[in-house]
Amino acid sequence: MHLSYAPEDLETAIPRREDVCAAAQDGSILQSVAVRCDAAHNLIVQLDGLEGRMPREECALGIDTGQTREIAILSRVGKPVCFHVRRIEGNTALLSRRTAQQEAQRALFAAHRPGDIIAARVTHLEPFGAFVDVGCGLVSLIGIENLSVSRIFHPSDRVRVGQLLRAVISGMDAETGRISLTHRELLGTWEQNAAQFAAGETVCGIVRSVEEYGVFVELTPNLSGLAEQRFPVSPGETVSCYIKSILPERMKIKLNLIDRIGHVPDVPPPLSYFIESGHLPFWQYSPESCTTRLIRTQFDPDGA
């Protein structure tokens, strides 16, 4: 399977011997699954008709300098790895993920700038954010505060491991090779989300927090309303609620709780993107008529 610089994907075909031989000649990037890590931390990669062997120092960018920890190798067992074919010795193909990552990194920095939208695959979750693969196993972090405008308690409330996302580049550091990402800008402005609802409707939502002054109910990932607490509820519950009013000038939606429905499923619902590709010079969540709060992200320094 010939690849460009896409995130590593578990659903990949095993490269055939002729593809591996061709890649050794033309330098193309292939992908397959690492099936074993030996005691010396070399990865064994599944190939058709050849044994794929990836020496420890070639398993990830930064392993040879100590910038990347050994867990980056151990955690690849059973998962896909991108690689160059350095050479073939008998029935063994010597592989390098490190050089594939270097090539992907150069390509990303050459082709993109802050504000560009790229694909990213979730690799693992921590309380502070979602780590994602932006190409050939290069890892970036989307902080929990940048996953959506609606507040969540853990990234698993919004995304799952293995999920392919769209994200916006918020920063690029050529010296370290790091790319910073944000996600909430693609989930729509307040007005775009509020347009899906109307006063007088009764809809379902997810309780995200319970405060002394009311209950915040998420209607979409980028839209929440405030309801009076008429009966006990807790974060994570789904509820039905009546929409009393929608107030763009205050960026508020007033709700009445109607009934408790239950807890949300373990797997978060699919995301709906309002923007999926291209470039954002800036993004403004707040309506122009809102006089209480401005939520805006500036990507281009001179963007309008």
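For the structure itself, look to the data block above.
Residues numbered from 1 in each chain as written. Predicted model: local features only at pLDDT ≥ 70, side-chain atom pairs only at ≥ 80, totals over all residues. Heavy atoms only, no water.

### Some points on the overall build of the chain
(1) Moving on: Looking only at helices and strands, the chain features 4 helices and 18 strands.
(2) Moving on: C-alpha extents for the chain along the principal axes are approximately 75 × 45 × 35 Å.
(3) Moving on: When the 304 residues of the chain are sorted by exposure, 46% land in the buried category.
(4) Moving on: The contacts in the chain between residues at least 6 apart in sequence include a share of 64% that link residues at least 24 apart. (Helix = DSSP H or I, 4+ residues; strand = E, 2+ residues; numbered from the N terminus. Buried < 20%, exposed > 50% of the residue type's maximum accessible area, 1.4 Å probe, protein only. Contact = heavy atoms within 4.5 Å.)

### Some remarks on the nonpolar core
(1) Moving on: Within the largest apolar cluster, 55 residues are counted, with the highest numbers of intra-cluster contacts made by L181 and L219.
(2) Moving on: The element best represented in this core is strand β7 (residues 117–126), accounting for 5 residues.
(3) Moving on: Counting residues in each nonpolar core, the second largest holds 18 residues, with V20, A23, V45 and V81 among its members. (Core = buried A, V, L, I, M, F, W, Y, C linked by side-chain atoms within 4.5 Å.)

### Quick notes on unusual backbone geometry
(1) Moving on: Non-glycine residue H41 carries a positive phi angle of around 65°.
(2) Moving on: Given a relative accessible area of 23%, H41 falls into the partly exposed group.
(3) Moving on: The phi dihedral of C136 falls on the positive side, at around 55°, and the residue is not glycine.
(4) Moving on: Along the polypeptide, C136 turns up in the loop between β8 (129–135) and β9 (138–143).

### Some thoughts on helix α1 (residues 17–26)
(1) Moving on: Looking at α1, one finds that the buried residues are D19, V20 and A23. Buried residues of α1, viewed axially, fall in a sector of 100°; they line one side.
(2) Moving on: Just beyond α1, the residue with positive phi is G27, at close to 80°. (Arc of directions from axis to C-beta.)

### Regarding the packing of aromatic side chains
Working definition: an aromatic ring pair is given by the centre-to-centre distance plus the angle between the planes.
(1) Moving on: Counting across every chain of the model gives 3 aromatic pairs.
(2) Moving on: Taking the centre distance of 6.0 Å and the plane angle of 85° together, the rings of Y213 and F216 count as edge-to-face.
(3) Moving on: When its relative accessible area of 28% is taken as the criterion, F216 is described as partly exposed.
(4) Moving on: Look at W283 and Y285: their rings are 5.8 Å apart centre to centre, the planes differ by 45°, and that puts the pair in the tilted class. (Phe/Tyr/Trp six-rings, centres within 6.5 Å; stacked < 30°, edge-to-face > 60°.)

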